[in-house]
Amino acid sequence: QVQLVESGGGLVQAGASLRLSCAASGRTFSYYRMGWFRQAPGKDREFVGAITWSGRNIDYTDSVKGRFTISRDNAKNTVYLQMNSLKPEDTAVYYCAAVTKYYSDYSKGYDYWGQGTQVTVSS
């Protein structure tokens, strides 16, 4: 059974930093790419970024480029989302997800999802 568990969310002020973690268990060897998504109240789920399990390729949505960094620790089967210079518009529930097949579009095709962790940025 595949499980993804996010942690690290919280309430911070604008300009602060947070690091989210996503611990993966189960068939991790078959994951091709790990992604981060977020969903703000009343809005559609949004792709934040993704990293291949090898770590060689990473992609971000434009709104977080230069502020967010995705990394992974394969020994711990964990993917991280380092969020710096947080803004109130970053407030959302953040989800990690895994895709086991190749898609050229890094935002597509995810098979497994975590339960989400809340990030709230106050102004």
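See the structure printed just above.
Residues numbered from 1 in each chain as written. Predicted model: local features only at pLDDT ≥ 70, side-chain atom pairs only at ≥ 80, totals over all residues. Heavy atoms only, no water.

Draft legend 1. Focus on the nonpolar core. Ranked by size, the top nonpolar core spans 28 residues in total, and within it L4, M34, W36, F68, L81, M83 and Y94 carry the most contacts. Taken together, the elements giving at least two residues each to this core come down to β3 (18-25), β4 (33-39), β5 (46-52), β7 (68-73), β8 (78-83), β9 (92-99) and β11 (117-122). Leaving out residues up to four positions away in the same chain, F68 has contacts with R38, V48, Y60, L81, Q82, M83, N84, L86, D90 and Y94. Of all hydrophobic cores here, the second largest spans seven residues; its members include F37, F47, A97 and V99. (Core = buried A, V, L, I, M, F, W, Y, C linked by side-chain atoms within 4.5 Å. Buried < 20%, exposed > 50% of the residue type's maximum accessible area, 1.4 Å probe, protein only. Helix = DSSP H or I, 4+ residues; strand = E, 2+ residues; numbered from the N terminus. Contact = heavy atoms within 4.5 Å.)

Draft legend 2. Quick look at the environment of Q115. With respect to the element layout, Q115 can be found in the loop between β10 (112-113) and β11. The class of Q115 is partly exposed, set by a relative accessible area of 49%. Excluding anything up to four places from it in sequence, Q115 contacts L4, V5, E6 and Y95.

Draft legend 3. Structural context of the sheet that holds β7. In spatial order, the strands read β1-β3-β8-β7; together these four strands make up an open sheet with antiparallel pairing. What marks the edges here is a single partner per strand, and that holds for β1 (3-7) and β7. Averaged over all neighbouring strand pairs, the angle between strand axes comes to 15°, with direction disregarded. By the bridge criterion, six bridges tie β3 to β8 in an arrangement that is antiparallel. (Pairing = 2+ DSSP bridges. Axes fitted to C-alpha atoms, helices over the stretch in contact; angles between N-to-C directions.)

Draft legend 4. Structural context of the packing of aromatic side chains. Evaluation of the coordinates by the stated rule reveals four aromatic pairs. Judged by centre distance (4.8 Å) and plane angle (55°), the rings of F37 and W113 are tilted. Of this pair, F37 sits in strand β4 while W113 sits in strand β10, and the two are 76 residues apart along the sequence. Put simply, the rings of F37, F47, Y110 and W113 touch in pairs and so form one group of aromatic residues. In this arrangement the basic side chain of R33 is found over the ring face of Y106, its NZ or CZ atom lying 3.9 Å from the centre. One Lys or Arg, R45, reaches over the ring of W113 and ends 3.9 Å from the middle of that ring. (Phe/Tyr/Trp six-rings, centres within 6.5 Å; stacked < 30°, edge-to-face > 60°. Lys NZ or Arg CZ within 6 Å of the ring centre and 35° of its normal.)

Draft legend 5. Quick look at the environment of T52. Mapped onto the fold, T52 is located in strand β5. Between the C-alpha atom of T52 and that of A98, which follows or precedes it by 46 residues, the distance is 9.7 Å. Discounting chain neighbours no more than four positions away, the residues touching T52 are Y32, R33, N57, R72 and Y106. Looking at T52, its side chain comes within polar contact range of the main-chain nitrogen of R56, at 3.4 Å. (Polar contact = N/O pair within 3.5 Å; in protein donor to acceptor, adjacent residues only side chain to side chain.)

Draft legend 6. Molecular detail of the state of the cysteines. On inspection of all chains with the given rule, the structure shows one disulfide. Disulfide partner of C22: C96, at an S-S distance of 2.0 Å. Its S-S torsion of about 50° marks the bond between C22 and C96 as right-handed, since a negative value means left-handed. With a gap of 74 residues between them, C22 in strand β3 and C96 in strand β9 connect regions that are remote in the sequence. Accessibility classification places C22 together with C96 in one group, the buried group. (Disulfide = S-S within 2.5 Å.)

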